[in-house]
Amino acid sequence: MAFLAGLGVALAPLAVPWLKQLVLADQVGLISPLNQSISSTKQKLAQLLPSHDQETSFICQPQNYTTQIISLDPLVMYIHNFLHEKEIENILAVSEPLLKPSTVTKDGVTTRSEYRTSWSAEVPRENPAVQCIEERVWHFMGTMMARGRDTVEPPQIVRYTSEQRFKVHHDWYEGPQRERLGRRRAWNRLASFFAIMQDNCTEGETYFPHVMPYTDASRDSAVDRENKVWRGHEDGGLAFRPIRGNALFWVNLFPNGQGDERLAHAGLPVKMGVKTAMNIWPRRYTGPDAWDPPTAQSV
């Protein structure tokens with residue numbers, strides 16, 4: 001692969017003008033079906049040449065998001081413009097071929113279930129757009145997380161199509177998850193971010209049956225009445241409409257590390273269209289080896 005990448009860089013000055021001529025010929029109809037081999041070679045070179053710049057082409061952009069407190073106890077916040085449009089486009093392109101039927105984990109066993117009928121994929125944290133979002137998460141969490149101890153899981157992309165749903169569940173684990181690398185530490189999901197990436201759907205709200213507003217949800221601010229960001233659900237609690245770029249944030253654990261049952265939530269069925277979102281879970285580590293070992297420079 002290193003040889004091919006080097007070959008692509010070396011051929012770039014010769015191949016780019018030739019590719020431009022081929023593109024122009026395509027546009028005026030001069031390439032016949034008999035020249036499929038030339039067209040195939042052009043496509044392979046076009047895939048090879050940009051690869052040199054893919055890792056360096058994405059630049060983190062400042063994202064001026066705003067927040068609203070939905071509930072103080074438990075803590076639930078609504079974040080406007082949490083994701084940048086280019087981050088959405090990048091991660092959607094990367095995650096599309098990775099999507100597969102979602103699973104659920106119970107008692108340490110991961111299986112497919114009618115309880116959750118969406119599609120999902122994990123996006124590697126090496127992705128430059130993911131790194132931008134992860135740094136934003138660290139900044140948002142403030143003193144709730146400590147570098148050198150805690151981490152942010154690689155984000156999980158979830159997609160819901162017609163009639164797909166995720167019934168009421170919580171994001172935290174019943175017990176701490178043990179470290180698999182031999183260190184004496186364990187983790188749980190301290191908090192959750194649920195950010196919308198595609199909202200071209202009807203219904204498909206995120207529903208919190210036990211989160212109660214301090215004010216009448218039907219008499220909220222003029223902006224929220226106009227945009228219908230959230231509503232009081234007929235069975236109690238709050239339901240949030242999917243809006244591209246916006247996110248929900250909530251804290252999963254009590255200070256003693258126990259999970260908060262009040263943060264149970266559901267992805268209500270999508271009636272028509274597609275809803276795609278991103279789960280981001282900050283992890284809190286505990287145990288004798290919770291902190292990274294000191295480096296030689298710090299000893």
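For the protein, an unreviewed UniProt entry supplies the name Prolyl 4-hydroxylase alpha subunit domain-containing protein and the organism Rhypophila decipiens. You can read under Cofactor (unreviewed entry) in the UniProt record for the protein the words "L-ascorbate".

Engineer: I'd love a proper account of the state of the cysteines, names of residues and values included.
Structural biologist: The term disulfide refers to a covalent linkage connecting the sulfur atoms of a pair of cysteines. Following the criterion strictly, the structure yields 1 disulfide and no others. Here C60 engages in a disulfide with C132; their sulfurs sit 1.8 Å apart. Looking along the S-S bond of the C60-C132 disulfide, the torsion reads about -90°, which is the left-handed sense. One end of the pair, C60, is in the loop between α3 (51-57) and β1 (66-71); the other, C132, is in helix α5 (residues 128-141), with 72 residues separating them in the sequence. A relative accessible area of 47% places C60 in the partly exposed class. Under the relative-accessibility criterion, C132 is labelled buried at 5%.

Engineer: Quick rundown of the sheet that holds strand β7 (residues 151-152)? Include the residues and the values.
Structural biologist: Sheet architecture is open: 4 strands sit in the order β7-β21-β11-β10, paired in antiparallel fashion. In this open sheet, the two strands that pair with only one neighbour each are β7 and β10 (177-178). Here strand β11 (residues 186-189) pairs with strand β21 (residues 282-286) via 4 bridges, running antiparallel. Of the residues in β21, the one forming a bridge with W187 is Y285.

Engineer: How would you explain the side chain of S95 if you had to name every residue and give the values?
Structural biologist: Note that S95 resides in helix α4 (residues 85-95). Within the structure, the side chain of S95 is placed 2.8 Å from the backbone oxygen of I91, a separation counted as a polar contact. Beyond its immediate stretch of four places on either side in the chain, S95 contacts A121, V123 and I157.

Rules used in this analysis
Residues numbered from 1 in each chain as written. Predicted model: local features only at pLDDT ≥ 70, side-chain atom pairs only at ≥ 80, totals over all residues. Heavy atoms only, no water. UniProt positions renumbered as here; feature names shortened; annotations may be inferred. Disulfide = S-S within 2.5 Å. Helix = DSSP H or I, 4+ residues; strand = E, 2+ residues; numbered from the N terminus. Buried < 20%, exposed > 50% of the residue type's maximum accessible area, 1.4 Å probe, protein only. Pairing = 2+ DSSP bridges. Polar contact = N/O pair within 3.5 Å; in protein donor to acceptor, adjacent residues only side chain to side chain. Contact = heavy atoms within 4.5 Å.

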